[in-house]
Protein chains: 4
Amino acid sequence: MRHFNSDLAVEMQEAYKEQDEKTPGVRLNESKHENISISHVEVLNDVGAEKMGKPIGNYITIDIPPYAHYDAETVDSLSRAVSTKLSELIDLKDEDVALVVGLGNWNVTPDALGPKVISKIMITRHLMQLVPDNIDDKVRPVCGISPGVLGLTGIETGEIIKGVVEKIKPKLVICIDALAARKLSRVHRTVQICDTGISPGGGIGNRRMEINEKNIGAKVIAIGVPTVVNATVIANDAIEMIFEEMIDKYGDEEDFRKMISFINEDDKWSVIQNVLTPFYSDLAVTPKDVDQVVDSLAKILANSVNIALQPALTLDDINRYIQ
Amino acid sequence: MRHFNSDLAVEMQEAYKEQDEKTPGVRLNESKHENISISHVEVLNDVGAEKMGKPIGNYITIDIPPYAHYDAETVDSLSRAVSTKLSELIDLKDEDVALVVGLGNWNVTPDALGPKVISKIMITRHLMQLVPDNIDDKVRPVCGISPGVLGLTGIETGEIIKGVVEKIKPKLVICIDALAARKLSRVHRTVQICDTGISPGGGIGNRRMEINEKNIGAKVIAIGVPTVVNATVIANDAIEMIFEEMIDKYGDEEDFRKMISFINEDDKWSVIQNVLTPFYSDLAVTPKDVDQVVDSLAKILANSVNIALQPALTLDDINRYIQ
Amino acid sequence: MRHFNSDLAVEMQEAYKEQDEKTPGVRLNESKHENISISHVEVLNDVGAEKMGKPIGNYITIDIPPYAHYDAETVDSLSRAVSTKLSELIDLKDEDVALVVGLGNWNVTPDALGPKVISKIMITRHLMQLVPDNIDDKVRPVCGISPGVLGLTGIETGEIIKGVVEKIKPKLVICIDALAARKLSRVHRTVQICDTGISPGGGIGNRRMEINEKNIGAKVIAIGVPTVVNATVIANDAIEMIFEEMIDKYGDEEDFRKMISFINEDDKWSVIQNVLTPFYSDLAVTPKDVDQVVDSLAKILANSVNIALQPALTLDDINRYIQ
Amino acid sequence: MRHFNSDLAVEMQEAYKEQDEKTPGVRLNESKHENISISHVEVLNDVGAEKMGKPIGNYITIDIPPYAHYDAETVDSLSRAVSTKLSELIDLKDEDVALVVGLGNWNVTPDALGPKVISKIMITRHLMQLVPDNIDDKVRPVCGISPGVLGLTGIETGEIIKGVVEKIKPKLVICIDALAARKLSRVHRTVQICDTGISPGGGIGNRRMEINEKNIGAKVIAIGVPTVVNATVIANDAIEMIFEEMIDKYGDEEDFRKMISFINEDDKWSVIQNVLTPFYSDLAVTPKDVDQVVDSLAKILANSVNIALQPALTLDDINRYIQ
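Residues numbered from 1 in each chain as written. Chains lettered and ligands numbered in written order. Predicted model: local features only at pLDDT ≥ 70, side-chain atom pairs only at ≥ 80, totals over all residues. Heavy atoms only, no water.

Draft legend 1. Quick peek at the overall build of chain A. Looking only at helices and strands, one finds 13 helices and nine strands in chain A. In terms of C-alpha radius of gyration, chain A reaches 21 Å, essentially the compact-globule figure of 20 Å for 323 residues. For chain A, the residues scored as buried account for 57% of the 323 residues in total. Contacts in chain A between residues at least 24 apart in sequence constitute 72% of all its contacts with a sequence separation of at least 6. Side-chain charges in chain A split into 34 positive and 49 negative, and the spacing between the mean points of these groups amounts to 3 Å. (Helix = DSSP H or I, 4+ residues; strand = E, 2+ residues; numbered from the N terminus. Rg over C-alpha atoms; globule rule 2.2 N^0.38 Å. Buried < 20%, exposed > 50% of the residue type's maximum accessible area, 1.4 Å probe, protein only. Contact = heavy atoms within 4.5 Å. Lys, Arg positive; Asp, Glu negative; His and termini not counted. Charge placed at Lys NZ, Arg CZ, Asp CG, Glu CD.)

Here it is, written out as C-alpha cells:
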C-alpha cells in the first residue's frame, strides 16, 4: 500500500467539507484575495485535532488559476495572496532571525522548486554582521539553506536543519518544497501552507524525521506546490476509472460486482508494478512546460516570503537589495 | 486511436521473428559485438518491402545493457558497436560532405539528445574552408545543425533541413533523435538505426514531412534512442494488464468475457483522457536519472558518428580536435 | 590590431555628436519613452552614408537604466520602448510572414540571449497552416530559428538563414544577438537596433558573410545587447589608463612623453597576449549575475518583438498564446 | 590591497624551491604517477612551519596536462594520481564516517565544481542505517553536503559545516572547492591538496571563519582546482607587464625608474577600479569551454575521492553503486 502525505492542506479542506459543518474545534474560512481563492482550515484545540486526525494549527490552500504563469498580473496577485496568508502566521520581532529552507534536489527540475526559491530570497543576516552600518534598521535578518535530499547527502534533511538551527538560533524556519501530488489535477494548481511541520520525501517510508518545532527547535511554516505525480498514480487512476466505467455499465449485474471485488489491492499493485517495470518507483510524470512553470512558481514564492519577512520594505526595495 | 512510429527498428525485428522465417526478400542477422547484442533486418527488394510493409533498407537494433551508463567499458563497447554498424551503411568518398542533424528540443531534457550530440560532433567543414592548410587531408568535411521542433520554430523541420541541404550539398545526412517509446521497457535500452528516413515528432499527426532521401535530396541515416514514454502508454498498459489479470481469473465465465468485450476502445480512451486531465497529451514519463543518462547517450552516439565519419582518425585524434 | 563591430548603434550616436551638428543627410533624434532614453540616428542618403561611413538606415540606442532587471516596472517600460522603436521600422501587411532569428550559442550563457528570445516568441506560422480555423485573422504568421554558431555547425550562419528564407519566403527577418561590448560600461546597459544588417561573430575576422537584405533576400532588422567583454579589452584599458595616469603626473616632462610614445601598438598587443596566455582570445569577462540578467533581457526583447509583430493583440493575449 | 590565498599548494612549492634547499623541517618530494607530475611539500615541525609561514602539514600539487579533459586515458591517470595522494593523507578505520563537502555556488558554472563533485560521490551513510543487511561490510559510511556560499545563505559556510559535524560526528571532512587563481596560466591546470584547512571565498576579506580541524572538530583535507581568474588580476598583470616592458627599454635611465616608482599601489588600484567600473569585483574571467572542463574536473575529483574512501571496492563497483 502506498501513502502520500503531500497534499495535506487540500485534504484537510476536503475532509472538513465532507463532514458535518458544525465540527467543534475546527474552523473553515473561504475567501478571495484579488480573485485568488483561498481556503483556510484552523484546527483550534484537541477536540478538533482528534476529529481531523491532524495537529492543532493552520492549513491553507491558495488556488493557482489556469495559465497563471503566463499572465504577469495574476503572478503578482498570487504573490500578494500568499504573502498575506504567510504574514498571518508570522509573529516575529524586528531583530528575530528567520531561516528559509529550500527542500528538494536542485538537479531534478520538478524537485528544484525549494532551492530555486532560496536563490531569490533577500538574504540579509550576514550583511547585518559584516556591514551593520550600511543596513537599514527596519531590515530583518534572514538566512537560507538548500540542504539537499537524503539520497544525495546520506544525512537526514532534518538533522542538517537542526544542526544549522542550533548554530544560528532562528526564531522561525520557513520550509519550501515541491510536492508529489496525489491527483494530476493538482499539479501546478495550488500553493499549500501549514504551520505544523513537513515530512521531507513524504510517502517513501515512515522512518523519516519530520521537520517540526519539536524536532528542530524553532517554529516551522511549510509552503509547498505540487509539481509532479508519481507514475503509479497514473496507473492506479486508470484502473480505478475503468472499473467505475464498467460498474456504470454492468453494475446491476450481481456477478460482475463480485468479479471486480475479487480483484484485490494486491492484484492491482502487482499489475501496476508490472506496468512500470523496469523503473517502477523511479518514474516522474511532469507536464512538458515544467521548466518554465517551476521558474514562475519560484518567483511567486520568493516574492511572497520576502514581502512577509520584510514588512517594512516595498517589493521594489526588496528587488533592489537582491540584485 | 494513437499510433507511434518511434520504435521502427525494434518492431521490424519483432515482426520478422513472428513470421515464417523463410520470408523471401528479407534477411535477419543477429550478432554480438563485444557482448553487445545487435539485430539487423534487411529489406532487400520489393517482395520483402511489401511483406514487411516497410521500404527497402536496413533496420538495426543495438541493445544497451542495464546500467551501461555507469560502466565506462560498456560505454566504449557501445560506441564501437554503433560505429561499426553505421560504417556499414556509409559509403562516402574522402571529400564528400556529411551533415549531422540533431532533432528535438534542447529545452526539454529527454528530447535534447539530438542537440547534445551535435555539440560533441567533430565539426570540420568550416576549418577546411577557412584554414585548409592546417587541416589533415584525411579529415572529412562534417557540419551539423539542431533545427529545433515545429512548435518552437513554426517551420517543418524537414523544410529547414532541405533549405540547408540545398545550400551546402552534403552527400549524407545523419539524423539523431530521442524517441518516444511504445513500451517502458525500451526506454534507454536500445539504439535504433535505419537508412530509410525518419518522421520527426512521429505519432502526433500524419501531416508531417518525412525526412528521407526523396524529400531532402541526400541519403538519410536515422539514429534514435527511446528516452521517454507518453503518459497515455502507462494508463493504457495498466488497463490492458488489469483486463488480462481478470481474464486469467474469470476468463472461463462466458458473462465476463462479454463484459470486457463491451468496454470498447472509445471507452478506454475516454478513461485515459480523464485520468490525464488537465494535461493529457502534454505529459512525459521519464526515469529520474534522465539527465545523466541523456548525457551518457549523447557521448556514445557522438563518438560513434565521429568514428564512422572519420575512419582515418583515432578516437584520441578526434577528441583532441573537438576540444 | 583588433576591430570590434559590436556597438554599431552606440558608436553612430557618439560619432554623430562629436561632429558638426549640421552634417547633411544625417539626423539625430533623442527622446524619452516613460523615462527610458532613446537615441535614433538616421542616415538619410548617400551624402550622409559617406560622411558616417555606414549604409543608409536607422541606428537606434535604447538605454537600460541601472538595476532595471530587478524592477518589474522598468522591465515593462523597456519592453514598450523597444517595441515602439521596432514598430517604426516594421512595414508589413497582415499576412506577411516574419522570421525571428536567435543568433549565438545556447551552450554559453552570455551568448545564449538570441536562442532564449526565440523560445519566448509567439510562433504562429505552423498553426495557421495546420489549424487555420482556430487562429484569429488578426494574427501574423511568425516563425523562428536558432541557427547556432559557425564553430558549432561548420556552416556560415548566413547560409543557414538564406536556405530557410528561400524555403519559407518571409518579408522580414529580425535577428537577435548578444554583443561583445567594446567598453565594460556598456555591458547589459543598452539595446541596440539597426536595419542595415548584422555581422555574426563580428570582430573575429572579416571573411564572415554579413546578414543583410542583399545577402539574405529579405529585409533585416538587428537587435543586440552587449553581454560580454573580451578579456583583451580589460587588459588594453588597464594599459591605456595607466598611461593616462602617468601622463597626468609627468606629462610636462618631455622625456616621459617620448618614452610612452616608444611603447607602440605592437608592444602593447604582445603584452596583452602574454597576460592572457594560455587562453588569449578564448576568455570571456562577465558580471557574476549574468544568468539572471540574460533571462531578463530575453524576456524584454521577446515581449518587444511579440508586441511589434502582433499589433492587433494585447500582451496578455500574446502570453496566453505562448503558454 | 588584495590578497588571494587560493593557490596555497602551488605557492608552497614555489616558495620552497626559491629557498636554500636545506631548509630544516621541510621536505619536497617531486614524482611522476603515470606521466602525471606531482609535487609534495611537507612541513614537518615548528621550525619548518615558522620558516615557511604555514602550519605543519602536507601541500600537494598535481599537474593537469594540457587538453587532459579531451583524453579519456589522461582523465583516468589523473583520477588515480589524485586518489593515490589522497590515500596517503587518509587514516580511517572501516567504520569511520567521512563527510565530503562541496564548497561553492551551484548557480555559477566555474564555482559549481564542489557541488558537482558531491552529486557524483558514492553516498552510503544512509543506506547503512536504513538497509544495513543489503550493504557490504567493506563499504565505508560516506555522506556529503553542498552548503552554498555566504552571499546566498547569509550563514558562514564554516558554521553550517560545524553544525552538521556536531550532529553526525565524522572522523574526516574532505572539502572540494573551485579556486580563483592568481595567474591565468594556472586555470584548469592543477589539482591542489592540503590537510591544514581551507578559507572559503578566500581573498574577499579576512573575517571569514577558516574550515580546519580546530574550528570544525574533525580532520580536514581540502582539494581545489583553479577555474577562474578575477578580472582585477588581468588588469593588474597588464599594468605590471607593460611596466616591465618599459623598464626593459628605458630601465637604464634614472628618470624613468623614478617615474615608475611614483606610480604607487594606490594609483594602480584606482586605475584598475576605473577600468572595471561599473562591475569591479563582480567580474569573472573564464575560458569559453568552462562548462565542459568543470564537468570533467568534477568526474576526476569524484572518482579520486570515491577510490580513496572505499579502498575495498573497485571503480566499477563504485560506479554501479552510484547509479
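Having seen the structure, we can now continue with the description.
Draft legend 2. Representation of the packing of helix α12 (residues 290-309) of chain A against helix α13 (residues 315-322) of chain A. Residue and element names in this part refer to chain A. It is at 10 Å that the axes of α12 and α13 come closest, and there the two elements cross at 110 degrees. As judged from the angle between their axes, α12 and α13 are roughly perpendicular. Contacts between α12 and α13 involve Asn303, Asn306 and Ile307 from the first element and Leu315, Ile318, Asn319 and Ile322 from the second. A breakdown of the residues in the contact of α12 with α13 according to their chemical character gives four nonpolar, three polar and no charged. (Axes fitted to C-alpha atoms, helices over the stretch in contact; angles between N-to-C directions. Parallel < 35°, antiparallel > 145°, perpendicular 65-115°, else oblique. Nonpolar A, V, L, I, M, F, W, Y, C, P; charged D, E, K, R; others polar.)

Draft legend 3. The relation of the copies chain B and chain C, seen in detail. Least-squares fitting of chain B to chain C yields an RMSD of 0.1 Å, with the superposition described by an axial translation of 0.0 Å and a rotation of 180 degrees. Given the turn and translation reported, the copies of this chain are related as if by a two-fold rotation axis. Measuring from the rotation axis to each C-alpha of chain B, the shortest distance belongs to Gly163 of chain B, at 2.1 Å. Of the interface residues in chain B, 100% have counterparts in chain C that sit at the interface too, so the contact is made through matching surfaces. (Least-squares fit on C-alpha atoms with pLDDT ≥ 70 in both.)

Draft legend 4. A look at the interface of chain B and chain C. Taken together, the contacts link 28 residues of chain B with 28 residues of chain C. Here chain B and chain C share an interface that buries about 2,400 Å² over both sides, 62% of which is from carbon and sulfur atoms. Among the ionic pairs, Glu166 of chain B bridges to Lys167 of chain C, the shortest N-O distance being 3.0 Å. The interface formed by chain B and chain C includes six residue pairs in polar contact (both at pLDDT 80 or more). Of all elements in the fold, only α5 (125-130), β5 (142-148), α6 (150-153) and α7 (157-168) of chain B reach the threshold of two or more residues within the side of chain B that touches chain C. (Buried area = accessible area lost by both parts, 1.4 Å probe. Salt bridge = Lys/Arg side-chain N within 4 Å of Asp/Glu carboxyl O. Polar contact = N/O pair within 3.5 Å; in protein donor to acceptor, adjacent residues only side chain to side chain.)

Draft legend 5. Highlighting the interface of chain B and chain A. In this assembly, 44 residues from chain B lie in contact with 43 residues from chain A. Across the chain B/chain A interface, buried area totals approximately 3,900 Å², and carbon plus sulfur atoms make up 72% of it. The largest share of the area that chain B buries against chain A comes from Ile242, Met259 and Lys288 of chain B, three residues that together contribute 16% of it. Taken together, the connections running from chain B to chain A amount to zero salt bridges. Across the chain B-chain A interface, the total number found is zero residue pairs in polar contact (both at pLDDT 80 or more). Breaking the side of chain B that touches chain A down by element, the ones donating at least two residues are α9 (231-250), α10 (254-262), α11 (265-276) and β9 (283-287) of chain B. With 13 residues, the top contributor of residues to the side of chain B that touches chain A is α9 of chain B. Of the residues that constitute the side of chain B that touches chain A, the class distribution is 27 nonpolar, seven polar and ten charged.

Draft legend 6. Summary view of the pairing of strand β1 (residues 26-33) of chain A. Residues and elements named next belong to chain A. The sheet contact formed by β1 and strand β2 (residues 36-43) spans eight bridges and is antiparallel. Its bridge partner lying in β2, Glu30 is registered against Ser39. Linking two consecutive strands that pair antiparallel, namely β1 and β2, is a turn of two residues; a positive phi of about 50 degrees is found at Glu34 within it. (Pairing = 2+ DSSP bridges.)

Draft legend 7. Main features of unusual backbone geometry. Residue and element names in this part refer to chain B. We note that Glu34 has phi near 50 degrees; this positive angle belongs to a residue other than glycine. Tracing the sequence through the fold places Glu34 in the loop between β1 (26-33) and β2 (36-43). Of the residues examined, Glu34 reaches a relative accessible area of 39% and is grouped as partly exposed. Phi angles above zero are rare outside glycine, and Tyr67 is one such case at about 60 degrees.

Draft legend 8. Layout of the pattern of salt bridges. Residue and element names in this part refer to chain B. The tally for this structure, following the rule as stated, stands at 44 salt bridges over all chains. The salt bridge partner of Arg80 is Glu34, with a shortest N-O separation of 2.9 Å. Of this pair, Arg80 sits in helix α3 (residues 72-89) while Glu34 sits in the loop between β1 and β2, and the two are 46 residues apart along the sequence. Owing to a relative accessible area of 37%, Arg80 belongs among the partly exposed residues under this scheme.

Draft legend 9. Geometry of the side chain of Asn105 of chain A. Residue and element names in this part refer to chain A. Following the sequence through the fold, Asn105 ends up in the loop between β4 (98-103) and α4 (113-118). You can call Asn105 buried: its relative accessible area is 10%. Beyond its immediate sequence surroundings of up to four residues, Asn105 is in contact with Asp111, Ala112, Val149 and Leu152.

Draft legend 10. Representation of the packing of helix α3 (residues 72-89) of chain A against α12 of chain A in the model. Residue and element names in this part refer to chain A. Between α3 and α12, the shortest axis-to-axis distance is 8 Å and the interhelical angle comes to 40 degrees. As summarised for this structure, α3 and α12 are arranged oblique, according to the angle between their axes. Crossing of α3 against α12: the hand is right-handed. Contact residues: Val75, Leu78, Ser79, Val82, Ser83, Leu86 and Ser87 in α3; Ser296, Ile300, Asn303, Ser304, Val305, Ile307 and Ala308 in α12. Residues that form the contact of α3 with α12 fall into these classes: eight nonpolar, six polar and no charged. (Left-handed = near helix turned anticlockwise from the far one by under 90°.)

Draft legend 11. Examining helix α3 (residues 72-89) of chain C more closely. Residue and element names in this part refer to chain C. Its 18 residues give α3 an end-to-end C-alpha distance of 26 Å, which sits within 8% of 26 Å, the value for a rise of 1.5 Å per residue. Of all the residues in α3, the buried ones are Thr74, Val75, Ser77, Leu78, Ser79, Ala81, Val82, Ser83, Lys85, Leu86 and Leu89. As for α3, its buried residues are in contact with β1 (26-33), β2 (36-43), β3 (57-63), β7 (190-194), β8 (219-230) and α12 (290-309). (Expected span 1.5 Å × (residues − 1).)

Draft legend 12. Structural detail: helix α10 (residues 254-262) of chain A. Residues and elements named next belong to chain A. Listing the buried residues of α10 in full gives Phe256, Met259 and Ile260. End-on view of α10: buried residues confined to an arc of 95 degrees, all on one side of the axis. Structural note: α10 exposes Glu254 and Ser261 on the side pointing more than 90 degrees away from its buried face. (Arc of directions from axis to C-beta.)

Draft legend 13. Here's a closer look at the environment of Arg208 of chain A. Residue and element names in this part refer to chain A. Within the fold, Arg208 resides in the loop between β7 (190-194) and α8 (213-216). Classification of Arg208 as buried rests on a relative accessible area of 19%. Between the C-alpha atoms of Arg208 and Ala98, which are 110 residues apart in sequence, the distance is 24 Å.

Draft legend 14. View of the pairing of β8 of chain C. All names here are of chain C. For β8, a buried count of eleven out of twelve residues is recorded, marking the element as mostly surrounded by other parts of the structure. Pairing analysis gives ten bridges linking strand β6 (residues 172-181) to β8, with the strands arranged parallel. Paired with Ile174 across the bridge in β8 is Ile221. The pairing of β7 with β8 spans three bridges and is classified as antiparallel. Note that in β8 the partner of Ile193 across the bridge is Ile223.

Draft legend 15. Region of the structure containing the environment of Leu276 of chain C. Looking at the element boundaries, Leu276 of chain C is found in helix α11 (residues 265-276). Through-space distance from the C-alpha of Leu276 of chain C to that of Thr232 of chain C is 7.7 Å; in sequence the pair is 44 residues apart. Setting aside its immediate chain neighbours within four residues, Leu276 of chain C contacts Ala231, Thr232 and Leu283 of chain C together with Leu184 and Ile234 of chain D.

Draft legend 16. Looking closely at a negative patch on the surface. Side chains of Asp252, Glu253, Glu254 and Asp255 of chain A together with Asp252 and Glu253 of chain B sit close together on the surface and give a patch of like negative charge. With respect to the helices and strands, Glu253 of chain A occurs in the loop between α9 (231-250) and α10. A relative accessible area of 37% places Glu253 of chain A in the partly exposed class. (Patch = residues over 30% accessible without salt bridge, like charges linked within 9 Å, V, L, I, M, F, W, Y side chains within 5 Å. Areas by Shrake-Rupley, 256 points an atom, 1.4 Å probe, with all protein chains shown as cover.)

Draft legend 17. Fine view of the confidence of the model for chain A. Residue and element names in this part refer to chain A. Confidence along chain A averages 86 in pLDDT terms, with 94% of residues attaining 70 or more. Here α10 is the element of chain A with the lowest mean pLDDT, 71, and β4 is the one with the highest, 97. The low-confidence segment residues 1-5 (pLDDT under 50) makes ten contacts with residues lying over four places distant or belonging to another chain. Contacts for the low-pLDDT stretch residues 202-206, under 50 throughout, to residues beyond four places or in other chains number two contacts. Scored by ipTM, the complex comes to 0.87, with pTM at 0.84. (pLDDT = per-residue confidence, 0-100.)

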